[in-house]
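Given next are the chains, with one letter for each unit.
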Amino acid sequence: MKKKLFIFKKAYTMNFPSEYKKAVLVSGDKIEALLDARETSLFMDAQGAKTEIFDFSHLYCLPGFFDSHTHFMQTGYNASVIKLNEASSIEGIKDAIASSIKNNTAADNKGIVMSHGFDESSFPEGRTPDKDDLDAVSKSTPIYAGRVDHHSAVVNSAFLKLFETFLKNNGADKRAFETGILRQRPNYALKSELIRLFPEKKRMEAFRKAELIALKAGITSLCALEGGAISDESDVNFVNGMTESAKNLVNIILFRQDTDFSKASRMGLGRIGGCLLVDGSFGSSTAALKAPYHKSKNNRGILYFKKEDLYSFMENAHAHNLQMAFHAIGDAAIEMMLDCYEALLKKAASAASNDMRHRIEHFELASPRDIKRAADLGIVLSMQPVFETLWGGESAMYAERLGKKRALQTNRFASILKSGCVIAGGSDSDVTPMSPVNGIHALLNLPNESERISAWDAVSIFTRNGAFANFKERERGSLTPGKYADMTVCDADIFDSKKETVKNIRIAATIVKGMQAYKNEKIKGRR
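The present account deals with the structure reproduced in this document. (Residues numbered from 1 in each chain as written. Predicted model: local features only at pLDDT ≥ 70, side-chain atom pairs only at ≥ 80, totals over all residues. Heavy atoms only, no water.)

## Digging into the pairing of strand β15 (residues 359–362)
Argument step 1. In this sheet, β15 lies alongside strand β14 (residues 323–328) in parallel orientation, the contact comprising four bridges. Residue Ala328 lies in a different strand from β15, and its bridge partner there is His362.
Argument step 2. Sheet topology places β15 next to strand β16 (residues 380–383); three bridges connect them, and they run parallel. When the sheet's bridge partners are listed, Arg359 is paired in β16 with Val380.
Argument step 3. In this fold, the crossover linking β15 to β16 by way of helix α14 (residues 368–377) has right-handed handedness. (Pairing = 2+ DSSP bridges. Helix = DSSP H or I, 4+ residues; strand = E, 2+ residues; numbered from the N terminus. Right-handed = clockwise from strand over helix to strand, strands pointing away.)

## Notes on the nonpolar core
Argument step 1. Met314, Phe326 and Phe363 are the most contacted members of the largest nonpolar core, which has 87 residues in total.
Argument step 2. Sorting elements by how many residues they give to this core places helix α13 (residues 331–347) first, with 10 residues.
Argument step 3. Sequence-distant contacts of Met314, that is, excluding residues within four places in its chain, are made with Met324, Phe326, Met337, Cys340, Tyr341 and Leu344. (Core = buried A, V, L, I, M, F, W, Y, C linked by side-chain atoms within 4.5 Å. Buried < 20%, exposed > 50% of the residue type's maximum accessible area, 1.4 Å probe, protein only. Contact = heavy atoms within 4.5 Å.)

## Quick word on the pattern of salt bridges
Argument step 1. The final tally for this structure, using the stated rule, is 36 salt bridges.
Argument step 2. Put simply, Glu451 and Arg412 hold a salt bridge, and the shortest N to O gap is 3.5 Å. Of this pair, Glu451 sits in the loop between α19 (436–444) and α20 (455–461) while Arg412 sits in the loop between α17 (404–407) and α18 (413–419), and the two are 39 residues apart along the sequence. Side by side, Glu451 and Arg412 carry an identical accessibility label, which is buried.
Argument step 3. Between Asp486 and Arg476 there is a salt bridge, with the nearest N and O atoms lying 2.6 Å from each other. Taken together, the residues span a long stretch of sequence, with Asp486 in the loop between α21 (464–469) and β18 (487–490) and Arg476 in the loop between α21 and β18 at a distance of 10 residues.
Argument step 4. Assessed through its relative accessible area of 5%, Arg476 is described here as buried.
Argument step 5. Sharing partners across several salt bridges, the network here consists of Lys290, Lys307, Glu335, Asp339, Glu342, Lys346, Arg369, Asp370 and Arg373. (Salt bridge = Lys/Arg side-chain N within 4 Å of Asp/Glu carboxyl O.)

Right, dumping it as structure tokens:
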């Protein structure tokens, strides 16, 4: 097998700030050597004819990006449904669904029209869409519209009739049937049921679509959070089967999102959880808060675990040597999580190291005390920077739900890094699109300027830190001889770009284990 030489304008190693090389020599699926300009010239003279050359000499290379929090299969499924992300009003939602029904491009094989991605926080109607809105589109065709955060949905009368018994058996009350708005258990149970009913062909299509989305974003490794409240056991088994049979292009780190630690242990995953819900979301007003929501004084959100039950599960999982990851967004949920981690790690006499690298996902509204506690305990924080640029600041969704004061205390990246915590970056796809470039841009342009971080730290969050969070730092996360040849090729220098323009950087190619898994044909490259 020929060796491969990938030549760049600059290949940033991410071993040290500002360190870059000219070329990466690959043997098999590993990096053999990093060459400077002189060494590259000498190598080309001596061995160029015997080497497969990839000439990206006008482009820039980073270690392959990590996305440490994706709902991978859900991303693939929703790539085929009606997309409501661009809808700016309830009328926009109705128009998008009606257009798809008219063009006969909407219904699945069971006649259900699936749509996803609306965010009503800025709608001029000032409310969530409901059953009557969808009935105005069709009373005979079942319609499902999922909120962007997956924590709530709205359905029409035909859908309610089709799933009436199922919804009643899963806690849907009179108001849910009156409004068509599903939250908490009915919503989660319904999503799992819909996924369970999918044929295997649909799963394979979803897997490949999600994988291509990742590769186009320069992602070479990702955490796939499957099963549990917003997925189904069938997705866990499907993704596990794909990775065990090496049918995946992207390196996939599978998280089983349920409390069955014995199954996770038998599968040999070494981890459990992911988006294992301790609370809900701000958008759906279900994230657990210590003080009430800004415009709902009787609502402090929801805790899905009792503290003693959470601790009992954590103790068993820890005893089975499973890395744990839990979804905790509100300050009440974060505080309870850290109380349990603190008690567990002190009892296990490993509080100083957290050598199993237990995680908290999201960590959006954390007090200074809890930021320090997370650092002291060595908890890895898996966070989504784009949340803050979408919903942060004094006038967006966080402020609407929490009030301005608390809205300026969300997603405190600089404070968290200063405390000593490791942050691994993710997208929560498809809540936001898989795009480490957008995540890096967000970190450089946060609404709260005091929480912005350096370009080095921002890129580290999606490379080095992602590898560390997932016990892959000896294999991935930097350009280092002996590690896998995972590379993200960009059309601009991320370290030399104005912070306002980072989002415009395009992915030119994605290299996984020395293989060019994706190439952007719109960007010139010579081979």
